[in-house]
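The primary structure of each chain is shown beneath.
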Amino acid sequence: MSEHDDYYDDEELPSKSQLKRDSHALQDLGEALVELPAAQLAKMPLWEELREAVNLARRISQRGGRKRQLKYIGKLLRSGDPEPIREALAALEQTSAEETARHHLAERWRTRLLEEGDPALAEFLDQYPDVDRQQLRQLVRNAQSEQARGKPPRFFRELFRLVREAVRREE
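Residues numbered from 1 in each chain as written. Predicted model: local features only at pLDDT ≥ 70, side-chain atom pairs only at ≥ 80, totals over all residues. Heavy atoms only, no water.

## A look at the overall build of the chain
Each helix and strand in the chain was counted, giving 9 helices and 0 strands. Starting at the N terminus and ending at the C terminus, the chain contains elements arranged as α-α-α-α-α-α-α-α-α. Along the first, second and third principal axes, the C-alpha set of the chain runs to 85 × 40 × 25 Å. A burial count over the chain gives 29% of its 171 residues as buried. Restricting to contacts in the chain with at least 6 residues of sequence separation, those with at least 24 account for 55%. Accessible surface, the chain as shown: approximately 11,700 Å² in total, 47% of it carbon and sulfur. Taken together, the 30 basic and 33 acidic charged side chains of the chain have centroids lying 12 Å from each other. (Helix = DSSP H or I, 4+ residues; strand = E, 2+ residues; numbered from the N terminus. Buried < 20%, exposed > 50% of the residue type's maximum accessible area, 1.4 Å probe, protein only. Contact = heavy atoms within 4.5 Å. Areas by Shrake-Rupley, 256 points an atom, 1.4 Å probe, with all protein chains shown as cover. Lys, Arg positive; Asp, Glu negative; His and termini not counted. Charge placed at Lys NZ, Arg CZ, Asp CG, Glu CD.)

Written out as structure tokens, the structure reads:
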């Protein structure tokens with residue numbers, strides 16, 4: 001038994017398949033970075049070489065060139081610690097999911113206010129007491145009126161904005 005054999009007995013090396021999966025996962029992470037809006041990308045904890053590679057990939061439109069650049073980004077991610085980037089992306093996704101949930105809640109409230117009238121209005125004001133009661137009532141009446149007359153949804157949108165702000169403040 002050689003010294004070389006002892007090395008493999010003591011250390012379990014990842015399989016070629018596992019190395020490939022890890023490589024593809026890092027390329028996917030790189031692609032997620034490339035797809036981020038510029039404002040969100042600016043907040044990511046990237047080292048300079050990686051940031052430059054991601055910005056270059058964002059400008060490449062040809063499929064083959066973009067694919068090569070994504071592989072390069074994956075290689076850069078292997079050379080550094082991708083965990084802070086994963087955590088930042090996960091936090092971003094969590095924030096996005098929470099914002100989506102608040103948006104849907106505001107839509108449901110707007111629909112209830114328009115369809116159920118006073119009972120929904122009273123419940124909404126109980127839950128969100130900081131809302132201007134008079135402004136809310138007027139927006140509900142105006143939105144109902146414009147819907148009945150088939151007018152453009154100006155008050156419908158204003159009502160949504162008011163409800164969305166109330167929901168955001170409470171959380």
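## Structural notes on helix H7 (residues 118–127)
Listed in full, the buried residues belonging to H7 are Ala120, Leu121, Phe124 and Leu125. With its buried residues spanning 130° around the axis, H7 presents them on a single face. Turned more than 90 degrees from where H7 packs its buried face, Pro119 and Asp126 sit exposed. For H7, the elements touching its buried residues are helix H6 (83–116), helix H8 (133–148) and helix H9 (154–170). (Arc of directions from axis to C-beta.)

## Description of the nonpolar core
Counting 20 residues, the largest nonpolar core has Leu113, Phe124, Val131, Leu136, Leu159 and Val163 as the members making the most contacts within it. The set of elements that each furnish at least two residues to this core consists of H6, H7, H8 and H9. Once residues lying within four places of it in the same chain are set aside, the contact partners of Leu136 are Leu113, Leu121, Phe124, Leu125, Val131, Leu159 and Leu162. Leu33, Leu46, Ala57 and Leu70 belong to the second largest nonpolar core, which has 18 residues in total. (Core = buried A, V, L, I, M, F, W, Y, C linked by side-chain atoms within 4.5 Å.)

## A word on the packing of aromatic side chains
Scanning the entire structure with this criterion turns up 3 aromatic pairs. A centroid spacing of 5.0 Å and a plane angle of 75° characterise the contact between Trp109 and Phe124, whose relative ring orientation is edge-to-face. Linking Trp109 in helix H6 with Phe124 in helix H7, this pair joins segments that are 15 residues apart in sequence. Summarising the burial analysis for this pair, Trp109 and Phe124 share the class buried. Both rings, one in Phe124 and one in Tyr128, keep their centres 4.8 Å apart while their planes meet at 40°; by these two values the pair is tilted. Relative accessible area serves as the criterion here: at 5%, Tyr128 is assigned to the buried category. (Phe/Tyr/Trp six-rings, centres within 6.5 Å; stacked < 30°, edge-to-face > 60°.)

## Details of the pattern of salt bridges
Taken as a whole, this structure holds 9 salt bridges when the rule is applied. Here Arg86 ties to Glu83 by a salt bridge, and the two come within 3.3 Å at their closest N and O atoms. Taken together, the residues Arg86 and Glu83, both in helix H6 and 3 residues apart, mark about one turn of the helix. Accessibility expressed as a relative area gives 36% for Glu83, which makes it partly exposed. Arg154 is the partner of Glu158 in a salt bridge, and the nearest nitrogen-oxygen pair spans 3.2 Å. With a gap of 4 residues between them, Glu158 and Arg154 both fall in helix H9, about one helical turn apart. (Salt bridge = Lys/Arg side-chain N within 4 Å of Asp/Glu carboxyl O.)

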